[in-house]
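Given next are the chains, with one letter for each unit.
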Amino acid sequence: MTAPDLIIIGSGMGGATLAAALAPGGRRILILERGERLAPTPAARDAKAIFARGTFRPSEEWLDGDGQPFNPGNYYYVGGNSKFYGAVLIRYRAEDFRPRRHMGGMSPGWPIGYDQMEPFYSRAEAMYRVRGASGEDPTDPPRSAAYGYPPVPDEPDIADLRRRLAGVGLHPASLPLGVDINRWLAAGQTPWDAFPDTCGGKMDAETVGLAEALKHPNVTLLTGARATRLIAGPDGRITGVEVDRAGRREVIAAPLVALAAGAVQSAALLLASATAEHPAGLANRSDQVGRNFMNHNCSAVLALHPFRRNRAIYQKTLMVNDFYLTGGPEGEPLGNIQLLGKISGPILAAATPLPRLLAHWIAARSVDLYAMSEDLPNPESRVTLANGRIRLDWKRSNWAAHQALVARLAGLLRKAGYPVVLSRPFDRRTPSHQCGTARMGADPATSVVDDRCRSHDHPNLFVVDASVLPTSAAVNPALTVAALALRAADHIRTIEVAA
Ligand SMILES: Cc1cc2nc3c(=O)[nH]c(=O)nc-3n(C[C@H](O)[C@H](O)[C@H](O)COP(=O)(O)OP(=O)(O)OC[C@H]3O[C@@H](n4cnc5c(N)ncnc54)[C@H](O)[C@@H]3O)c2cc1C
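Below is a short write-up of the structure. Because the structure is a prediction, the values reported are computed rather than measured.

Some remarks on the overall build of the protein chain
Looking only at helices and strands, one finds 11 helices and 20 strands in the protein chain. Computed over its C-alpha atoms, the radius of gyration of the protein chain comes to 22 Å, within 12% of the 23 Å expected for a compact globule of 499 residues. For the protein chain, the C-alpha atoms occupy an extent of roughly 70 × 50 × 45 Å along the three principal directions. By residue count, 60% of the 499 residues in the protein chain fall in the buried class. Counting contacts in the protein chain only where the partners sit at least 6 residues apart, residues at least 24 apart contribute 72% of the total. Accessible surface computed for the protein chain: about 18500 Å², of which carbon and sulfur atoms make up 53%. Considering the protein chain, the positive charge centre built from 55 side chains and the negative charge centre built from 48 side chains are found 5 Å apart.

As for the sheet that holds strand E20 (residues 461-463)
If you trace the 5 strands from one edge of the open sheet to the other, you get E8-E2-E1-E12-E20, paired in parallel fashion. The two strands at the open ends of the sheet, each matched to only one other strand, are strand E8 (219-222) and E20. Ignoring which end each strand starts from, the neighbouring axes of this sheet average 20° apart. As paired elements, strand E12 (residues 256-259) and E20 share 3 bridges and run parallel to each other. Among the inter-strand pairings, alanine 258 is bridged to a residue of E20, identified as phenylalanine 462. On the sheet, helix H1 (residues 13-22) packs against strand E1 (6-9), strand E2 (29-32) and E12 and is oriented at approximately 155° with respect to E1.

Observations regarding the state of the cysteines
A full pass over the atoms with the stated rule returns 0 disulfides. In this structure cysteine 435 is not part of a disulfide, and its nearest cysteine sulfur, from cysteine 298, lies 11 Å away. Of all cysteine sulfurs in the structure, the one in cysteine 435 sits closest to cysteine 453, which takes part in no disulfide; the separation is 13 Å.

What about the pairing of strand E18 (residues 389-393)?
Strand residues, when the strand is regular, have side chains that alternate between the two faces of the sheet. Direction of pairing for strand E3 (residues 62-64) relative to E18: parallel, over a ladder of 2 bridges. Paired with aspartate 64 across the strands is leucine 392, a residue of E18. Relative to E18, strand E17 (residues 382-386) runs antiparallel, the two being bridged by 5 bridges. In the strand pairing of E18, threonine 384 is matched with arginine 391.

Considerations on the side chain of serine 381
Of note, serine 381 is situated in the loop between strand E16 (367-373) and E17. Residue serine 381 is classed as buried on the basis of its relative accessible area, which comes to 0%. Apart from residues no more than four positions distant in its own chain, serine 381 is found in contact with Gly290, Arg291, Asn292, Phe293, Asp393, Trp394 and Lys395.

Focus: the site of the ligand
Lining the immediate surroundings of the ligand are 34 residues, of which Glu33, Asn81, Gly86, Val88 and Ala478 lie closest. Within the side chain of glutamate 33, a nitrogen or oxygen atom sits 2.6 Å from an oxygen atom of the ligand. Considering the ligand on its own, with 1000 Å² of exposed area, one finds that the protein chains cover 95% of that surface. Looking at the shell around the ligand, the elements that each hand over two or more residues are H1 and strand E9 (225-232). With 3 residues, E9 is the single largest residue contributor to the shell around the ligand. Residues of the shell around the ligand, tallied by class, amount to 17 nonpolar, 13 polar and 4 charged.

The rules behind the values
- Residues numbered from 1 in each chain as written.
- Predicted model: local features only at pLDDT ≥ 70, side-chain atom pairs only at ≥ 80, totals over all residues.
- Heavy atoms only, no water.
- Helix = DSSP H or I, 4+ residues; strand = E, 2+ residues; numbered from the N terminus.
- Rg over C-alpha atoms; globule rule 2.2 N^0.38 Å.
- Buried < 20%, exposed > 50% of the residue type's maximum accessible area, 1.4 Å probe, protein only.
- Contact = heavy atoms within 4.5 Å.
- Areas by Shrake-Rupley, 256 points an atom, 1.4 Å probe, with all protein chains shown as cover.
- Lys, Arg positive; Asp, Glu negative; His and termini not counted.
- Charge placed at Lys NZ, Arg CZ, Asp CG, Glu CD.
- Pairing = 2+ DSSP bridges.
- Axes fitted to C-alpha atoms, helices over the stretch in contact; angles between N-to-C directions.
- Disulfide = S-S within 2.5 Å.
- Near = heavy atom within 4 Å.
- Polar contact = N/O pair within 3.5 Å; in protein donor to acceptor, adjacent residues only side chain to side chain.
- Nonpolar A, V, L, I, M, F, W, Y, C, P; charged D, E, K, R; others polar.

Printed below as a string of structure tokens:
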């Protein structure tokens with residue numbers, strides 16, 4: 001392999017999008033991915049295999065805040081966590097970029113405003129072929145380009161839910177989605193949320209970003225290649241990446257390095273790269289690497305009428321943002337509500353202590369919603385290493401706002417004709433919306449990267465994954481990760497590298 005001009009660590013949403021954006025420029029790009037490609041198997045469409053047996057979960061264990069080991073729902077495959085994602089590709093709202101008071105404290109805002117992100121959101125939506133409808137959601141931010149594709153259609157029982165929600169005064173809106181529904185259903189009659197994409201039915205980091213990048217002969221993907229350490233030279237520049245390939249270690253040098261291993265693993269890698277020169281790890285003069293870990297406060301809310309079945313297969317086509325900007329006792333934001341992928345009996349039985357028959361009875365009738373509230377940055381909520389092992393001490397914040405959101409939703413669902421409403425917070429072991437551990441900011445003393453995702457400490461190091469998000473907002477993060485990667489790409493393109 002010829003020496004690369006740029007090494008990208010991680011082929012998930014951030015890494016693959018960056019590769020796609022830079023590939024046409026002709027630079028030699030090497031993508032290091034610790035996982036392998038997911039192949040189509042019966043397990044990929046088997047709820048029991050996914051939710052009860054954890055077939056696709058990694059074998060590794062992390063420690064929690066009390067030092068107890070747990071198996072995290074963090075996926076290592078080509079395409080990263082986006083292979084399993086719900087494909088909701090939604091913009092942060094304009095208000096999310098500004099400081100805002102929440103019930104649990106202040107959300108600090110971003111060093112850039114929505115207007116600076118808007119063109120990159122439009123590009124990311126076009127790239128990931130997002131389907132949506134503007135004008136339905138009262139919190140929709142202004143956009144320079146319309147959605148290129150119509151929304152994924154509601155199934156009949158979801159159309160009924162939409163009418164019922166509108167009937168109690170809410171403003172249900174179509175979820176912006178990166179899904180080719182015909183292709184997805186042709187490969188199996190299941191929801192797509194949390195199911196791995198092995199048929200190309202989801203627009204994810206592998207099927208879109210990476211596929212685009214690999215059309216160019218100057219891009220190479222190395223799978224089974226786990227970055228174990230970044231190496232910094234005496235002038236502060238990153239000189240190479242130490243890689244473990246099936247137990248063999250080698251160092252690959254490059255003039256530019258982009259870290260995109262996901263918020264937990266990117267922080268862990270920077271911390272693991274500590275030397276006498278950089279005792280707190282690389283890119284960490286601010287001591288912020290690993291801190292400010294956020295993951296959203298989420299609950300599943302199941303609503304049902306005992307005499308009405310929900311026959312939806314995929315379900316996940318609408319959202320409600322009536323409490324996104326306000327709704328708290330003093331007008332504080334509460335969060336976003338969206339549908340989950342249809343919960344089936346095996347999924348409910350795996351996630352709760354309910355007897356199997358009861359789980360099946362409920363799941364045949366319930367509409368299943370996902371209430372999501374902002375988790376606020378807290379320096380004590382953090383990723384550290386304990387004897388080389390990842391320790392994730394997530395300190396939830398803003399919980400009262402989340403409880404208020406779930407209570408408001410439950411009340412409205414009852415009014416809308418679902419007399420039974422059950423709710424349950426999401427499992428802490430699944431850091432689906434992990435972010436914040438290498439925060440972006442203008443001040444090198446309090447942040448890890450600048451607003452182009454460049455490390456304040458190392459001029460040739462970029463971090464282009466969810467770790468740079470300074471706030472979690474209360475919407476799904478992947479489109480924002482992609483938009484930031486496109487923005488960073490525009491900047492990286494202007495940096496000269498020696499021929
Ligand atoms: C079940 C589920 C549902 C979700 N639904 C949604 C949704 O609907 N909408 C949304 O916006 N977000 C969703 N998310 C979150 C979304 O997937 C992530 O926000 C997004 O993938 C983050 O992108 P990333 O680049 O930060 O990390 P990832 O996409 O996870 O990519 C990180 C990559 O780095 C690789 N890697 C890690 N360590 C190393 C290493 N040391 N060396 C080499 N490679 C390494 C990993 O294998 C992975 O491929 C969901 C997540 C899950 C798990």
